[in-house]
Amino acid sequence: MPNSLTVRDNRTGKEYEIPVENGYYIKAADLKQIKAPGLDAGIVSYDPGLMQTASVKSRITFIDGDKGILRYRGYPIDEIAEKKNYMETAYLVVNGEFPTKSQYDEWVHNITYHTLVHENLKNFMMGFRYDAHPMGMMVATLGALSTYYPEAKLVSDAQVRMQQIFRLIGKIPTIAAFSYRHSTGWPYVDPSNDIGYVENFLTMMFKPSFSTRYEPDPVLVKALDVLFILHADHEQNCSANAMRSVGSSRPDPYSCAAAATAALYGPLHGGANEEVIRMLKEIGSVDKVPALIQEVKAGKRRLMGFGHRVYKNYDPRAKIIKKMADQVFQVTGRNPLLDIALELERIALSDDYFISRKLYPNVDFYSGLIYQSMGFPSDIFPVLFAIPRMSGWLAQWQEGVTDPEQKIVRPAQVYLGSDLRHVP
Ligand code: ACO
C-alpha cells in the first residue's frame, strides 16, 4: 500500500500524489504543486488557530488529548509528579533526560547562582505604577533583561544559550516575587543561595522584611513544586508557539520569553485560573450554580477552567491537582470556594451540553483554589504559571533555533481585501 494521498483536482481533472510521512502528516509544501486557477502559487490550507497544522517537529512533550495523556520526554506526568522535583523536571524538559546526581547538583547550582538580578533592574521595576498588573510587569521586565545580556543574541552558540537558560530559569521567580511586592509596597527581598527553588520563591514573596524570619510550610513547598512540574511544558500551546515564532527570527531568548509571557497573559490561556476564582466568587454559593450553568448553555458566557483545545477528556494535570488540594487545605484550611467548584464540576460532567462538546475541567480549574488558599492574590496566578513554564519555553526555543528545518515563521494568508484599484 503506497504511503501517499492521491488528490484529484476536480476543476482540472489533474491528479497529484502527496506523500504521507510517518503515517500521519503531509508536508504543506506538497500542496504547492496543486495550482489555483489563475494563480501561480499553489493552494494553501486555511487553518486559523493552527488546529490541524503541525508547525514543528518536537521531541519534548507528548499529549494524547482524547485519552488524557501527557508525557515529558516520554515519562508520564503522574510518575514525574510523584517521584521527581521541579528542578529535575526542568532539567529533563530542557536536556531530554533526567540528571545524574552530579548533573543535578551543577544544574541547581547554576540556576541558584543566577537568581539575583542587577540592582538597576529593581529600579526599572520600581518605575511601574503602584497598581500595575504583575503579568504586565513580567512582560516588560523580561524584555528589559535582554538589554543586560547583549551576548544572548548569539543563539547559535550552545554555551551562550545554556547561560541564558540558567539566567531565565533562575531570575523568573525573583522578578515574579518583585512584581507582587511592588503592588504591596513591601521592600524587595533578594534571593538566597542556601534554600531550594520553590522555598526561595515563597520567601521572596511572603517574607515580611529582611530581618524577620520566614520559613514556608514544607507541605506548601511540596504542593507548589508539584504545580510547577505540572506546568513545565505543554507542547505547542499559544505561548510556546509565541516563543518559537519570535525565536525563529533569532532575537535573544529574553525577547522571546517576553512574547511568550504576553501570550500567556490572555484569559483564554494562562489568565484562566484568575478568571475561575472571579467566576466562583461571583457565583457566591452552591445554590446559584445551576443558574450559571444555564447562562453558559445559553452561550452568554464560558465556564472558565473548562474545555481545552487538545484535551477532550479530563486534563491529567487537573486530576493530580484535585488530589493535592486536600493536603494543602489541611494546612491552610478548606477554601470556601471549593464546594462551588465541586458542584460546578458535578453538574457540568453530567450535562449533555458539556458531555457532547467534551468539556472537562482543565489545569486551571483547581489550581487557582490552591493558590488562593496559599495566600497568593489572584492577579499573580498567571505569574505562577509563567515561572515553571519558562523551562518549557526555553526547551521549545532551543529545539527551534537548533532545528535545521526551522525557517522564519511567516504564515500564508487568504486575502479577502480589494482587488487592484487606483488612488483617485
Ligand atoms: N464553556 C462553555 N462552552 C465552551 C467552553 C467553556 N469553557 N469551551 C468551549 N466551549 C464550547 C464552545 O462554545 C463551542 O461550542 P459550539 O460548538 O456550540 O460553538 C465548543 O465548546 C468548542 O469550543 P471552541 O472555542 O471551538 O474550542 P477551542 O478548542 O477553540 O477552545 C478553549 C479551547 C479556549 C480552552 C476553550 O475551551 C475556553 O475558552 N475555555 C475557557 C477558558 C479556559 O479555561 N482556558 C484555559 C485553557 S488551559 C490553559 O491554557 C492552560
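The structure we're discussing is the one just above.
Residues numbered from 1 in each chain as written. Predicted model: local features only at pLDDT ≥ 70, side-chain atom pairs only at ≥ 80, totals over all residues. Heavy atoms only, no water.

Sorry if this is basic, but what is going on with the overall build of the protein chain here?
When helices and strands are tallied, the protein chain shows 17 helices and 5 strands. Computed over the C-alpha atoms, the radius of gyration of the protein chain is 23 Å, within 12% of the 22 Å expected from 2.2 N^0.38 for a compact globule of 424 residues. Taken along its principal axes, the extent of the C-alpha atoms in the protein chain is 80 × 60 × 60 Å. Counting every position in the protein chain, which comprises 424 residues, the buried fraction comes to 48%. Contacts spanning at least 24 positions in sequence make up 70% of the contacts within the protein chain whose residues lie at least 6 apart. As displayed, the protein chain has an accessible area near 21,200 Å², and 53% of this comes from carbon and sulfur atoms. Side chains of the protein chain give 47 positive and 47 negative charges; the mean places of these two sets differ by 3 Å. (Helix = DSSP H or I, 4+ residues; strand = E, 2+ residues; numbered from the N terminus. Rg over C-alpha atoms; globule rule 2.2 N^0.38 Å. Buried < 20%, exposed > 50% of the residue type's maximum accessible area, 1.4 Å probe, protein only. Contact = heavy atoms within 4.5 Å. Areas by Shrake-Rupley, 256 points an atom, 1.4 Å probe, with all protein chains shown as cover. Lys, Arg positive; Asp, Glu negative; His and termini not counted. Charge placed at Lys NZ, Arg CZ, Asp CG, Glu CD.)

Help me understand the packing of aromatic side chains, please; the structure alone is not making it clear to me.
The geometry of an aromatic ring pair comes down to the distance between the two centres and the angle between the two planes. One pass over the full model with this rule turns up 22 aromatic pairs. On the basis of an interplanar angle of 10 degrees and a centroid distance of 6.2 Å, the ring pair of phenylalanine 201 and phenylalanine 376 is categorised as stacked. Residue phenylalanine 201 is found in helix H7 (residues 197-206), and its partner phenylalanine 376 is found in the loop between helix H16 (363-373) and helix H17 (381-401); the two are separated by 175 residues along the sequence. Counting every residue linked through ring pairs, the aromatic cluster contains Tyr86, Tyr180, Trp186, Tyr197, Phe201, Phe206, Phe228, Tyr371, Phe376 and Phe381. Over the aromatic face of phenylalanine 98 sits the side chain of lysine 84, whose NZ or CZ is 4.6 Å from the ring centroid. Just above the ring of tyrosine 353 sits the side chain of arginine 357; from NZ or CZ to the centre is 3.8 Å. (Phe/Tyr/Trp six-rings, centres within 6.5 Å; stacked < 30°, edge-to-face > 60°. Lys NZ or Arg CZ within 6 Å of the ring centre and 35° of its normal.)

Just checking my understanding: could you explain the pairing of strand S2 (residues 15-19) for this structure?
Two faces belong to every sheet, and in a regular strand the side chains alternate between them. The alternating pattern of S2 places Tyr16 and Ile18 on a buried face and Glu15, Glu17 and Pro19 on a face that is not buried. Where strand S1 (residues 4-8) lies against S2, 5 bridges are found, and the strand directions are antiparallel. Paired with serine 4 across the strands is proline 19, a residue of S2. Taken together, S1 and the strand that follows it, S2, pair antiparallel across an intervening segment of 6 residues, in which glycine 13 is found at a positive phi of about 80 degrees. (Pairing = 2+ DSSP bridges.)

Would you mind showing me how to read the site of the ligand here?
In the region of the ligand, 19 residues are neighbours, and Arg302, Leu303, Gly305, Phe306 and Arg309 sit closest. Interatomic distance of 2.8 Å between a side-chain N/O atom of arginine 302 and an oxygen atom of the ligand. Residue glycine 305 places a main-chain N or O atom 2.9 Å away from an oxygen atom belonging to the ligand. Calculation on the ligand without its partners gives an accessible area of 920 Å², and the protein chains cover 73% of this total. Of the residues assigned to the shell around the ligand, the class counts are 10 nonpolar, 5 polar and 4 charged. Each of domain 2 (74-269 + 379-401) and domain 3 (272-373) contributes no fewer than three residues to the shell around the ligand. (Near = heavy atom within 4 Å. Polar contact = N/O pair within 3.5 Å; in protein donor to acceptor, adjacent residues only side chain to side chain. Nonpolar A, V, L, I, M, F, W, Y, C, P; charged D, E, K, R; others polar. Domains from an automatic or database assignment.)

Even after reading the chapter, I still don't get the environment of methionine 126, so can you show me in this structure?
For methionine 126, the position within the fold is in helix H4 (residues 119-126). The exposure class assigned to methionine 126 is partly exposed, which follows from its relative accessible area of 48%. Sequence separation between methionine 126 and histidine 182 is 56 residues, and the spatial gap between their C-alpha atoms is 7.0 Å. The residues touching methionine 126, leaving out its near neighbours within four places in the chain, are His182 and Tyr188.

Quick question: what am I supposed to make of the pattern of salt bridges here?
Where side chains of opposite charge bring their charged atoms close, a pairing between them can arise. In total, this model carries 21 salt bridges according to the counting rule given. Measuring nitrogen to oxygen at the nearest pair gives 2.8 Å for the salt bridge that ties lysine 122 to glutamate 119. Here the residue lysine 122 and the residue glutamate 119 both occupy positions in helix H4, the gap between them amounting to 3 residues, near one helical turn. Assessed through its relative accessible area of 8%, lysine 122 is described here as buried. Arginine 167 is the partner of glutamate 151 in a salt bridge, and the nearest nitrogen-oxygen pair spans 2.9 Å. Here glutamate 151 is found in the loop between helix H5 (134-145) and helix H6 (158-184), whereas its partner arginine 167 is found in helix H6, with 16 residues between them in sequence. Under the relative-accessibility criterion, glutamate 151 is labelled partly exposed at 32%. Taken together, the salt bridges that share partners define one network made up of Glu119, Lys122 and Asp190. (Salt bridge = Lys/Arg side-chain N within 4 Å of Asp/Glu carboxyl O.)

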